[in-house]
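# What the coordinates show
What follows is the residue order along each chain.
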Amino acid sequence: MLIDNHNRSINYLRLAVTDRCNLRCNYCMPSEGINFSKNDKLMTIAELSQVAEILVGQGIDKIRITGGEPFVRKDLMVLLRHLKTLKNLKDISVTTNATLIGPHIDELKSLGIKNINVSLDAIDKNTFERITRRNQYDTVHGNLIRLITEGFNVRINFIVLDGQNEQDILPILELMKHYPVSVRFLEEMPFNGGSKTFQKIKWDYKAILEHIATAYPNYKKLESPKTSTSINYQIEGHKGSFGLIPSFSRTFCGSCNRLRVTATGDVITCLYGKPKANLRDLLRTSNDFAAVEKTILETIGNRAKTGFDAQQEHQGVFENSMTSIGG
Ligand code: SAM
Ligand code: SF4
């Protein structure tokens, strides 16, 4: 069991498998001039598997695969097949933009990997294409519906962006009301590769809830697991639910159970903090699993208490893109 210096148990790893992406969501990265990591800096599938294995041995029982876009990595399924063999790993999930998942749906299903988060910030095609700067709406929509109808446990991540997609908040709830999905509205965070900076946001979780209440006053709060980052609600007559994720307001740090490892092996103990160690280098220089375990224990023993504390290290300025951190 991994316990941090604030007595929080850490059982959830977000493992990024690449920093590349086939979309260019404007809240995540600039349209061009992005310094993606060189291929040899990315962990190989064997290294990603080793990192996962070591961490599962230390008490991680839930891994979310993220990126960049995980499915741009052609060998992703090799990693997923390996993760399925880890006995103490109870939950494997994937966060994806759903552009490239289509050919892998059958195998995901047969592997029993059913928890898929799909990022979708608009239901209007033009809005989607303005935000993502690519024309992939039809593919994403098709794959999303296929995932839902084939029985995957789908959650939609919708970042509410001032002046860009607030007009789609109510329609996406209306569209999803017949489906058993959770639509989670996230606050925008300042990790966009330096393309814009901001100190506050208009659409915080309270503003989003007030807006939803104008159309759906009959919502009720749902019980959520203690470590959940989303506050979840049910609208009367809707098959699915919705959630609010205060990712900028950071009200959930007290029960944070997460550790992040980037595609280049950096260990991130708080989204708002700086990398604390690099596992790829450790594996490449010595292949010493005990040294990796020790490093993980050291980083977890030295976690910031909250995202605001971690932010102090940055003095308010973030140059990172979410595509390298993994969300
Ligand atoms: N490409 C995949 C996707 O978009 O789902 C996985 C990687 S993406 C970096 C992981 C999550 O981070 C997505 O749900 C995305 O919407 C979210 N994200 C990216 N940039 C963000 C930002 N600046 N603020 C809040 N969430 C962000
Ligand atoms: Fe790509 Fe996901 Fe970032 Fe969009 S949010 S640019 S899909 S990594």
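About the cut-offs
Residues numbered from 1 in each chain as written. Chains lettered and ligands numbered in written order. Predicted model: local features only at pLDDT ≥ 70, side-chain atom pairs only at ≥ 80, totals over all residues. Heavy atoms only, no water. Buried < 20%, exposed > 50% of the residue type's maximum accessible area, 1.4 Å probe, protein only. Helix = DSSP H or I, 4+ residues; strand = E, 2+ residues; numbered from the N terminus. Pairing = 2+ DSSP bridges. Polar contact = N/O pair within 3.5 Å; in protein donor to acceptor, adjacent residues only side chain to side chain. Contact = heavy atoms within 4.5 Å. Right-handed = clockwise from strand over helix to strand, strands pointing away. Near = heavy atom within 4 Å. Nonpolar A, V, L, I, M, F, W, Y, C, P; charged D, E, K, R; others polar. Axes fitted to C-alpha atoms, helices over the stretch in contact; angles between N-to-C directions. Parallel < 35°, antiparallel > 145°, perpendicular 65-115°, else oblique. Expected span 1.5 Å × (residues − 1). Arc of directions from axis to C-beta.

Our next topic: the pairing of strand S12 (residues 258-261). Where burial is concerned, the two faces of S12 agree: the one with Arg258 and Arg260 and the one with Leu259 and Val261 are both buried. Judged from the 4 bridges that link them, strand S3 (residues 12-16) and S12 form a sheet pairing that is parallel. For Leu15, the partnering residue across the bridge sits in S12 and is Val261. Of the pairings in the sheet, the one linking S12 to strand S13 (residues 266-268) comprises 2 bridges and is antiparallel in character. Across the sheet, the residue bridging to Val261 is Val267, located in S13. With antiparallel pairing between neighbouring strands as the criterion, S12 and S13 make up a hairpin whose turn holds 4 residues, including Gly265 at a positive phi of roughly 95°.

Before going further, it helps to spend a moment on the side chain of Asp4. The topology assignment puts Asp4 in the loop between strand S1 (2-3) and strand S2 (9-10). Polar side-chain contacts of Asp4 include one of 2.7 Å to the side chain of Arg303. Every residue in contact with Asp4, bar those within four places of it in the chain, is listed here: Ile10, Ile300 and Arg303.

What follows is about the pairing of strand S4 (residues 62-66). Within S4, 4 of the 5 residues are buried, leaving the element largely enclosed by the surrounding structure. Two strands pair when backbone bridges link them, and S4 and strand S5 (residues 91-96) are joined in this way by 4 bridges, in the parallel orientation. Its bridge partner being in S5, Ile63 is matched across the sheet by Ile92. At this point the chain moves from S4, through helix H2 (residues 76-84), to the parallel S5, and the crossover so formed is right-handed.

Taken together, 19 residues lie around ligand 1, and Tyr27, Gly68, Ser119, Asn157 and Met189 are the ones closest in. The separation between a nitrogen atom of ligand 1 and a polar main-chain atom of Tyr27 is 2.8 Å. Sorting the residues of the shell around ligand 1 by element identifies S5 and strand S7 (153-160) as the ones contributing at least two each. Classifying every residue of the shell around ligand 1 by side-chain character gives 6 nonpolar, 10 polar and 3 charged.

Here we come to the site of ligand 2. What surrounds ligand 2 is the set Cys21, Leu23, Cys25, Tyr27, Cys28, Met29, Gly68, Asn97 and Thr323. Per-class residue counts for the shell around ligand 2 are 6 nonpolar, 3 polar and no charged.

The next thing to look at is the packing of helix H1 (residues 45-58) against helix H8 (residues 279-286). Running from amino to carboxyl end, H1 crosses H8 at an angle of 105°, the nearest separation of the two axes being 11 Å. Of the possible angle classes, the one that applies to H1 and H8 is roughly perpendicular. Between H1 and H8, the contacting residues are Glu47, Gln50 and Val51 on the first element and Leu279, Arg280, Leu283 and Arg284 on the second.

This next bit is on helix H9 (residues 289-300). Taking 1.5 Å per residue as the helical rise, H9 with its 12 residues ought to reach 16 Å, and the 17 Å between its terminal C-alpha atoms agrees with that figure. Those residues of H9 that fall on the buried side of the exposure criterion are Val292, Thr295, Ile296, Thr299 and Ile300. Mapping the buried residues of H9 onto a view down its axis gives an arc of 130°, with all of them on the same face. A distance of 3.0 Å separates the backbone nitrogen of Ala290 from a side-chain oxygen at the start of H9, and that oxygen is part of Asp288.

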